[in-house]
Amino acid sequence: MFMKVIFGFGNPGHQYNFTRHNFGFLALDFYAKIHGLEFKPQPKFKAEIAKFDDILFVKPQTFYNDIGLCVRSICDFYKLHPQDILAICDDFNLPFGQIRFRERGSAGGNNGLKSTIAHLGTEDFPRLRLGTGNDTLRSRIGDVDFVLSKFTPEEHEKLPEVLREIDDFIIKY
């Protein structure tokens, strides 16, 4: 049985909703709402998972820096190759709303990708980077606080358009 797994990166807990680091979760929640999917806790994988046909949508419930643990456990259980997954993560080096797909690549400073690369032992897996860049805010509060900050009102207003674009990408993927 062929299967794809789409991982949305984020941190568990309501306090992280609508933060930049949880853009991956937000993208999967939007997709699930539009397509009538329901995420269910799967403690075995430390994740919440929704299923549609032969695609699993996964929100790891480890913290962001340990996402690779969840990715590896699911890949091992389903005997998947790294090329069978798609990692959806935030990227503060891209302007807010820009979306960039790559078949492989470095972590580029993203700790969730670093963890995934370390646990899979390869950089050869597809990823969709979601731009959260806001240089003014980032320079004022620093990187750690920036990734955990909520979207600005102007960014929040643009989210539906960006989320529809991500939804279109997932459908075509």
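Remember, predicted model here, so these are calculated numbers, not experimental data. (Residues numbered from 1 in each chain as written. Predicted model: local features only at pLDDT ≥ 70, side-chain atom pairs only at ≥ 80, totals over all residues. Heavy atoms only, no water.)

A closer look at the pattern of salt bridges
Point 1. Going through the model one piece at a time under the given rule, you end up with eight salt bridges.
Point 2. Taking the shortest distance from any N to any O, the salt bridge between E155 and R20 comes out at 2.7 Å. Of the two residues, E155 is situated in helix α6 (residues 153-172) and R20 in the loop between β1 (4-8) and α1 (23-35); the sequence distance between them amounts to 135 residues.
Point 3. R138 is paired through a salt bridge with D143; the nearest N and O atoms lie 2.7 Å apart.
Point 4. Three or more residues are tied together by salt bridges with common partners; here these are D29, E48 and K59. (Salt bridge = Lys/Arg side-chain N within 4 Å of Asp/Glu carboxyl O. Helix = DSSP H or I, 4+ residues; strand = E, 2+ residues; numbered from the N terminus.)

Structural notes on the packing of aromatic side chains
Aromatic rings in a pair are described by how distant their centres are and how their planes are angled relative to each other.
Point 1. The tally for this structure, following the rule as stated, stands at 13 aromatic pairs.
Point 2. Here Y16 and F63 contribute two aromatic rings whose centre-to-centre distance is 6.3 Å and whose plane-to-plane angle is 80 degrees, an arrangement assigned as edge-to-face. Taken together, the residues span a long stretch of sequence, with Y16 in the loop between β1 and α1 and F63 in the loop between β4 (55-60) and α2 (67-78) at a distance of 47 residues.
Point 3. Plain terms: the ring middles of F169 and Y173 are 5.7 Å apart, the flat faces sit at 25 degrees to each other, and that makes the pair stacked.
Point 4. You can call F169 partly exposed: its relative accessible area is 23%.
Point 5. Taken together, the aromatic side chains of F23, F96 and F151 make up a single cluster linked through ring pairs.
Point 6. Just above the ring of F39 sits the side chain of K59; from NZ or CZ to the centre is 4.5 Å.
Point 7. We note R138 situated over the ring of F92; from NZ or CZ to the ring centre the distance is 3.6 Å. (Phe/Tyr/Trp six-rings, centres within 6.5 Å; stacked < 30°, edge-to-face > 60°. Buried < 20%, exposed > 50% of the residue type's maximum accessible area, 1.4 Å probe, protein only. Lys NZ or Arg CZ within 6 Å of the ring centre and 35° of its normal.)

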